[in-house]
Amino acid sequence: MIVLGIETSCDETAAAVVVDGTEALSNVVVSQIEVHREFGGVVPELASRKHVEAISMVISKSLKDAGVDFGDIDAIAVTRGPGLIGALLVGIGVAKGLSLALNKPICGVNHLHGHLFAVWLDNDQMEFPFVGMVVSGGHTTLFEVRSPLDIDVIGKTRDDAAGEAYDKVAKLLGLGYPGGAIIEKLSEGVSPDGLRFPRALIEQGNLDFSFSGLKTAVLRQAEKVFGIHYDRSRPGSFHQITPEDPSAEDQRTIRKIAAAFQDAVIDTLVSKLFMAVEIRKVSRLVVCGGVAANQALRNRIISEGHKREIKVILPSMSLCADNAAMIGARGNFLLQEGIVDSLGFGAKSRW
Ligand code: KG4
Ligand code: ZN
């Protein structure tokens, strides 16, 4: 089955042509990062507008790259949620139009399930059950996946997502947006020198996450070193604490704080992940989402998995961040089970 996948849940406009849920013939992603960078985060209204501008071109390119045309498509899979409503509605509206015009079935896909199923595009022999962790800018969620249609949430963040914490900490350290890859690079080979931030909720049996206290601990540490700078124009917002033109000494301090922050995030994610594997008595795990591109995190998970004889499955880098191939892969499973939506379905901000 040839599925056209469409994804517009946040700040990437994406389309892909996927065959049998396991092979992406194309995977086109247009990122809006440049548009949102000056605001230090995704601005929902701008995201919707940019999706409208890009979607037709992105879909045309996905067909062209795959060497197919609309007549070859058997079905359409589109992200239904969770995500920004206005952004989701752009993809859903276009997908419904195509479904009607081509007279092909359509299926709404859960974005997080899409992330979990991205690994099928690298490995066509996936086995169940497994524990899955989606760790991105919007989500930090643990799943137990017993079969393609039997998926439960077993833990999630009570406040910020891990990627969101990376982005906010990068902002207060004056490092730019999005923060994950920047903090990873700055932390490489840096010892936090005894600086240690709290790991929240790591008591045995608790599979939920919390990153808001960590983010505040980093803020307090930065204030201790660099002084308190209130941005009165934006009360409550996370703003830059570090000097505009940091000295070499300031830069060393920033790197230490970044490294100590990353250590706390990785420790927390890894301890919860393996706690879930133990509690649910599974022997495989999948980690996906934008933060799963972090090599230090990947290395820790691989070495812990090796020690405990747990099979670790990580998507390739290009499939970690938001893309439509994962939506096509997940949609293929649903469609094969006869799960098709009528044209009346709407977007879901939470799911
Ligand atoms: O999955 P994704 O592309 O979009 C969402 O659905 O959120 O994830 C984006 C998030 C951002 O918060 C970004 O800072 C984070 O993933 N990220 C990383 C890395 N690359 C991206 N976090 C840590 N280390 C990285 N290398
Ligand atoms: Zn995502």
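Residues numbered from 1 in each chain as written. Chains lettered and ligands numbered in written order. Predicted model: local features only at pLDDT ≥ 70, side-chain atom pairs only at ≥ 80, totals over all residues. Heavy atoms only, no water.

S.K.: Summarise the overall build of the chain; cite the residues concerned and give the values.
M.R.: Scanning the chain from N- to C-terminus turns up 11 helices and 10 strands. When contacts within the chain are restricted to residue pairs at least 6 apart in sequence, those whose partners lie at least 24 apart make up 73%. In the structure as shown, the chain presents an accessible area of about 15000 Å², 51% of it carried by carbon and sulfur atoms. Here the chain contributes 36 positive and 42 negative side-chain charges, whose respective centroids are spaced 5 Å apart. (Helix = DSSP H or I, 4+ residues; strand = E, 2+ residues; numbered from the N terminus. Contact = heavy atoms within 4.5 Å. Areas by Shrake-Rupley, 256 points an atom, 1.4 Å probe, with all protein chains shown as cover. Lys, Arg positive; Asp, Glu negative; His and termini not counted. Charge placed at Lys NZ, Arg CZ, Asp CG, Glu CD.)

S.K.: Before we move on, could you go through the coordination of the zinc ion (ligand 2) and cite the residues and values that matter?
M.R.: Protein-derived ligands of the zinc ion (ligand 2) are H111 (NE2), H115 (NE2) and D322 (OD), with the metal-ligand distances lying across 2.1 Å. Because the angles between the 4 donor atoms bound to the zinc ion (ligand 2) fall within 91 to 146°, the donor set is best described as irregular. Each donor residue of the zinc ion (ligand 2) lies on the same chain, and together they follow the pattern H-x3-H-x206-D. Pair noted here: H111 and H115 are both in helix 4 (residues 111–117), with a separation of 4 residues, about one helical turn. Judged by relative accessible area, H115 falls into the buried class, the value being 1%. (Donors = N, O, S within 2.8 Å, 3.2 Å for Na, K, Ca; no water. Tetrahedral: all angles 85-135°; square planar, octahedral: opposite > 155°, others 65-115°. Buried < 20%, exposed > 50% of the residue type's maximum accessible area, 1.4 Å probe, protein only.)

S.K.: Quick one: what's the story with the packing of aromatic side chains, residue by residue and with numbers?
M.R.: Between two aromatic rings, the relevant description is the distance of the centres plus the angle of the planes. One pass over the full model with this rule turns up 7 aromatic pairs. Look at W120 and F333: their rings are 5.2 Å apart centre to centre, the planes differ by 75°, and that puts the pair in the edge-to-face class. On the criterion of sequence distance, the pair formed by W120 in the loop between helix 4 and strand 6 (130–135) and F333 in helix 11 (residues 325–336) is long-range, its members being 213 residues apart. Taken individually, W120 and F333 each receive the classification buried, so the pair is uniform in this respect. Linked through ring pairs, F117, W120, F128, F130 and F333 together constitute an aromatic cluster. (Phe/Tyr/Trp six-rings, centres within 6.5 Å; stacked < 30°, edge-to-face > 60°.)

S.K.: Explain the nonpolar core to me, and be specific about the residues and the numbers.
M.R.: Grouped together as the largest cluster of nonpolar side chains are 50 residues, with contacts concentrated most on L142, L173, F261, L269, L273 and V287. Here this core takes 15 residues from helix 8 (residues 248–279), the largest share from any one element. Leaving out residues up to four positions away in the same chain, L273 has contacts with V131, M133, L142, L285, V287 and I301. Within the second largest apolar cluster, 24 residues are counted, among which are V17, V78, V90 and I106. (Core = buried A, V, L, I, M, F, W, Y, C linked by side-chain atoms within 4.5 Å.)

S.K.: Residue-level account of the pattern of salt bridges, with values.
M.R.: Under the criterion given, the structure shown has 20 salt bridges. E34 is paired through a salt bridge with R37; the nearest N and O atoms lie 2.6 Å apart. Within this pair, E34 and its partner R37 are both found in helix 1 (residues 33–37), separated by 3 residues, close to a single helical turn. Given a relative accessible area of 35%, R37 falls into the partly exposed group. Look at the salt bridges and you will find they share partners, linking E144, R146, D150, D152 and R280 into a network. (Salt bridge = Lys/Arg side-chain N within 4 Å of Asp/Glu carboxyl O.)

S.K.: Could you give an account of the site of ligand 1, naming the residues involved and the relevant values?
M.R.: Near ligand 1 lie 20 residues; those nearest to it are G137, D167, E184, G290 and N294. In this structure, an oxygen atom belonging to ligand 1 sits 2.7 Å away from a side-chain N or O atom of D167. Separating an oxygen atom of ligand 1 from a backbone N or O atom of G180 is a distance of 3.0 Å. About the coverage of ligand 1: the protein hides 87% of its 550 Å² of free accessible area. Where the shell around ligand 1 is concerned, the elements lending two or more residues are helix 4, helix 5 (162–172) and helix 6 (179–187). The biggest single contributor to the shell around ligand 1 is helix 6, with 4 residues. If you count residues domain by domain, the shell around ligand 1 takes at least three from each of domain 1 (2–122 + 319–336) and domain 2 (130–314). (Near = heavy atom within 4 Å. Polar contact = N/O pair within 3.5 Å; in protein donor to acceptor, adjacent residues only side chain to side chain. Domains from an automatic or database assignment.)

S.K.: Requested: an account of the sheet that holds strand 7 (residues 140–147), with residues and values cited.
M.R.: Here we have 5 strands laid out as an open sheet, ordered 8-7-6-9-10, and mixed in their pairing. In the strand order of this sheet, the two ends are held by strand 8 (150–156) and strand 10 (311–313), each with one partner. Within the sheet, the average angular offset between the axes of one strand and its neighbour, ignoring direction, is 25°. Across 4 bridges, strand 6 lies against strand 9 (residues 284–288) in parallel orientation. Counterpart to M133 in the pairing with strand 9 is V287. (Pairing = 2+ DSSP bridges. Axes fitted to C-alpha atoms, helices over the stretch in contact; angles between N-to-C directions.)

S.K.: Account for the pairing of strand 5 (residues 106–110), naming residues and giving values.
M.R.: Of all the 5 residues making up strand 5, 5 are buried; the element is thus mostly covered by neighbouring parts of the structure. Of the two faces of strand 5, the one carrying I106, G108 and N110 and the one carrying C107 and V109 are both buried. Pairing between strand 4 (residues 75–81) and strand 5: 5 bridges, direction parallel. Counterpart to I76 in the pairing with strand 5 is I106.

S.K.: Account for the packing of helix 7 (residues 212–226) against helix 8, with residues named and values stated.
M.R.: Two numbers describe how helix 7 lies on helix 8: the axes approach to 11 Å, and their chain directions differ by 165°. In terms of their interaxial angle, helix 7 and helix 8 are classed as roughly antiparallel. Crossing angle aside, the handedness with which helix 7 passes helix 8 is right-handed. Counting all contacts with helix 7, which are made through L214, V218, Q221, A222, V225 and F226, the residues of helix 8 involved are D250, T253, I254, I257, F261, A264 and V265. In the contact of helix 7 with helix 8, the residues fall into 10 nonpolar, 2 polar and 1 charged. (Parallel < 35°, antiparallel > 145°, perpendicular 65-115°, else oblique. Left-handed = near helix turned anticlockwise from the far one by under 90°. Nonpolar A, V, L, I, M, F, W, Y, C, P; charged D, E, K, R; others polar.)

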